[in-house]
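# Understanding the architecture of this molecule
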Amino acid sequence: MKPYKIGYTTGVFDLFHVGHLNILRRAKEQCEYLIVGVSTDELVQKYKFKVPVIPYHERVEIVEGIKFVDQVVPQTNRDKFSAWQKLLFNAMFVGDDWKGDPLFSEVENKFREVGVDIVYFPYTKGVSSTALKEKIKYKEKVI
């Protein structure tokens, strides 16, 4: 029996890489049913001030194709508590690079009141969509 019935995690999932796969795998190991929120292009533009390389509908298809994922939903805002109100998950899974971030410190308190756990997984060091974009830029300059 897994510790949680319904789990939730979110991300942009741009330039899908092993770090993305790791968090999805670890999350599914902890829950019976995994819901993944994929950030819309508009949301990414709003808080990261850049457009994802891979458009939203394609990122959704990629995430839906991962065997650890049971359901994909759009993430249209960063309000994790409102996501819980709609999806009623028991645990939210997050990379530990977010631990201590004001966004998660606040939501930890709200989740505690309703019995939802936040589980932090180790961040996959050296792997990120930003790092991949930098490698691509470097290789383009070298060629």
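This text follows the structure it describes.
This write-up is about the structure you can find in this document.

Okay, the overall build of the protein chain next. Looking only at helices and strands, the protein chain features six helices and five strands. The order of helices and strands in the protein chain, counted from the N terminus, is β-α-β-α-α-β-α-β-α-β-α. Within the protein chain, buried positions represent 45% of all 143 residues. By element, 55% of the accessible surface of the protein chain is carried by carbon and sulfur atoms, the whole surface being about 8400 Å².

The topology assignment puts Pro122 in the loop between strand 5 (117–121) and helix 6 (129–142). Measuring from C-alpha to C-alpha, the distance between Pro122 and Asn22 comes to 9.3 Å, with 100 residues separating the pair along the chain. When residues no more than four places from it in sequence are discounted, the contact partners of Pro122 are Arg26 and Asp96.

Moving on, we get to the nonpolar core. Among the nonpolar cores identified, the biggest contains 19 residues, and Leu24, Leu34, Val36, Val38, Val63, Val69 and Phe93 are the most heavily contacted of them. Elements with a contribution of two residues or more to this core: helix 1 (18–30), strand 2 (31–39), helix 3 (56–64), strand 4 (91–95) and strand 5. Counting residues per element, this core draws most heavily on strand 2, which supplies four residues.

Extensive coverage of helix 4 (residues 80–87) is indicated by the burial of six of its eight residues. Looking at the buried residues of helix 4, the elements they touch are strand 1 (4–11), strand 2, strand 3 (71–75), strand 4 and helix 5 (102–114). Capping the start of helix 4 is the job of one residue whose side-chain oxygen sits 3.1 Å from the backbone nitrogen of Phe81: Asp79. Note on helix 4: the residue one or two positions beyond its end, Leu88, has a positive phi of about 55°.

Attention now goes to the packing of aromatic side chains. Going through the model one piece at a time under the given rule, you end up with eight aromatic pairs. Aromatic side chains Phe89 and Phe111 sit 5.7 Å apart centroid to centroid with 85° between the ring planes, which places their arrangement in the edge-to-face category. In this pair, Phe89 sits in the loop between helix 4 and strand 4 while Phe111 sits in helix 5, placing the two residues 22 residues apart along the sequence. Of the two residues, Phe89 and Phe111, both sit in the buried class. Counting every residue linked through ring pairs, the aromatic cluster contains Tyr8, Phe81, Trp84, Phe89 and Phe111. The ring of Tyr47 has Arg78 sitting right over it, with the charged end atom 4.1 Å from the ring centre.

About the cut-offs
- Residues numbered from 1 in each chain as written.
- Predicted model: local features only at pLDDT ≥ 70, side-chain atom pairs only at ≥ 80, totals over all residues.
- Heavy atoms only, no water.
- Helix = DSSP H or I, 4+ residues; strand = E, 2+ residues; numbered from the N terminus.
- Buried < 20%, exposed > 50% of the residue type's maximum accessible area, 1.4 Å probe, protein only.
- Areas by Shrake-Rupley, 256 points an atom, 1.4 Å probe, with all protein chains shown as cover.
- Contact = heavy atoms within 4.5 Å.
- Core = buried A, V, L, I, M, F, W, Y, C linked by side-chain atoms within 4.5 Å.
- Polar contact = N/O pair within 3.5 Å; in protein donor to acceptor, adjacent residues only side chain to side chain.
- Phe/Tyr/Trp six-rings, centres within 6.5 Å; stacked < 30°, edge-to-face > 60°.
- Lys NZ or Arg CZ within 6 Å of the ring centre and 35° of its normal.

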